[in-house]
Amino acid sequence: MVFCTDCAQQQEDEQKFCRFCGERLPGATLIQQLREESANIKAQKTGEVTQTQQANLATLKAIELARQQGFNGQS
Ligand SMILES: [Zn+2]
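Each value, and the rule that gives it
Residues numbered from 1 in each chain as written. Predicted model: local features only at pLDDT ≥ 70, side-chain atom pairs only at ≥ 80, totals over all residues. Heavy atoms only, no water. Helix = DSSP H or I, 4+ residues; strand = E, 2+ residues; numbered from the N terminus. Buried < 20%, exposed > 50% of the residue type's maximum accessible area, 1.4 Å probe, protein only. Contact = heavy atoms within 4.5 Å. Areas by Shrake-Rupley, 256 points an atom, 1.4 Å probe, with all protein chains shown as cover. pLDDT = per-residue confidence, 0-100. Expected span 1.5 Å × (residues − 1). Arc of directions from axis to C-beta. Donors = N, O, S within 2.8 Å, 3.2 Å for Na, K, Ca; no water.

Helices and strands together make up the secondary structure of the protein chain, namely two helices and two strands. For the protein chain, the α and β elements follow one another from N to C terminus as β-β-α-α. Across the 75 residues in the protein chain, those meeting the buried criterion constitute 20%. Across the protein chain, contacts joining residues at least 24 apart in sequence account for 25% of those joining residues at least 6 apart. A total of about 5700 Å² of accessible surface is found on the protein chain, and carbon and sulfur atoms cover 47% of it.

With that out of the way, let us pick up the confidence of the model for the protein chain. Taken residue by residue, the protein chain gives an average pLDDT of 81. The fraction at 70 or more is 88%. Within the protein chain, the lowest mean pLDDT, 80, falls on strand β1 (residues 2-3), and the highest, 87, falls on helix α2 (residues 51-69).

Below, the discussion takes up α2. Between the first and last C-alpha of α2 there are 26 Å, a value that for 19 residues agrees with the 27 Å anticipated at 1.5 Å per step. Turning to α2, its buried residues number three or more, namely Gln53, Leu60, Ile63 and Ala66. What you see down the axis of α2 is that its buried residues fit within an arc of 155 degrees, all on one side. Facing away from the buried side of α2 by more than 90 degrees, the exposed set consists of Gln51, Lys61, Gln68 and Gln69. Just past α2, the residue Gly70 takes up positive phi, approximately 85 degrees.

Bringing unusual backbone geometry into the picture now. With phi around 65 degrees, Ala8 is a residue other than glycine that occupies positive phi space. In this fold, Ala8 is placed in the loop between β1 and β2 (10-11).

The next thing to look at is the coordination of the zinc ion. Protein coordination at the zinc ion comes from Cys4 (SG), Cys7 (SG), Cys18 (SG) and Cys21 (SG), with a distance range of 2.3 Å. Within one chain, the residues donating to the zinc ion are spaced in sequence as C-x2-C-x10-C-x2-C. With Cys4 in the loop between β1 and β2 and Cys18 in the loop between β2 and α1 (28-44), the pair connects residues that are 14 residues apart, well separated along the chain. Overall, the relative accessible area of 6% leaves Cys18 in the buried class.

Structure representation (structure tokens):
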């Protein structure tokens, strides 16, 4: 079970794109890439985070939060 990062609608596991807004859905691979990216950023620039990096981290947090909460189709 996956959720759109743009509109937070629930999607079928096998879907690659959101059927509501067309946003590309985050597979496990993408989330892993984002994690590694943020870890690299932290390692390279301790104490200094740009707006783009903050946005990436915020996206990651939102994805994890959505997964934890289950988001039973409520909007
Ligand atoms: Zn969507």
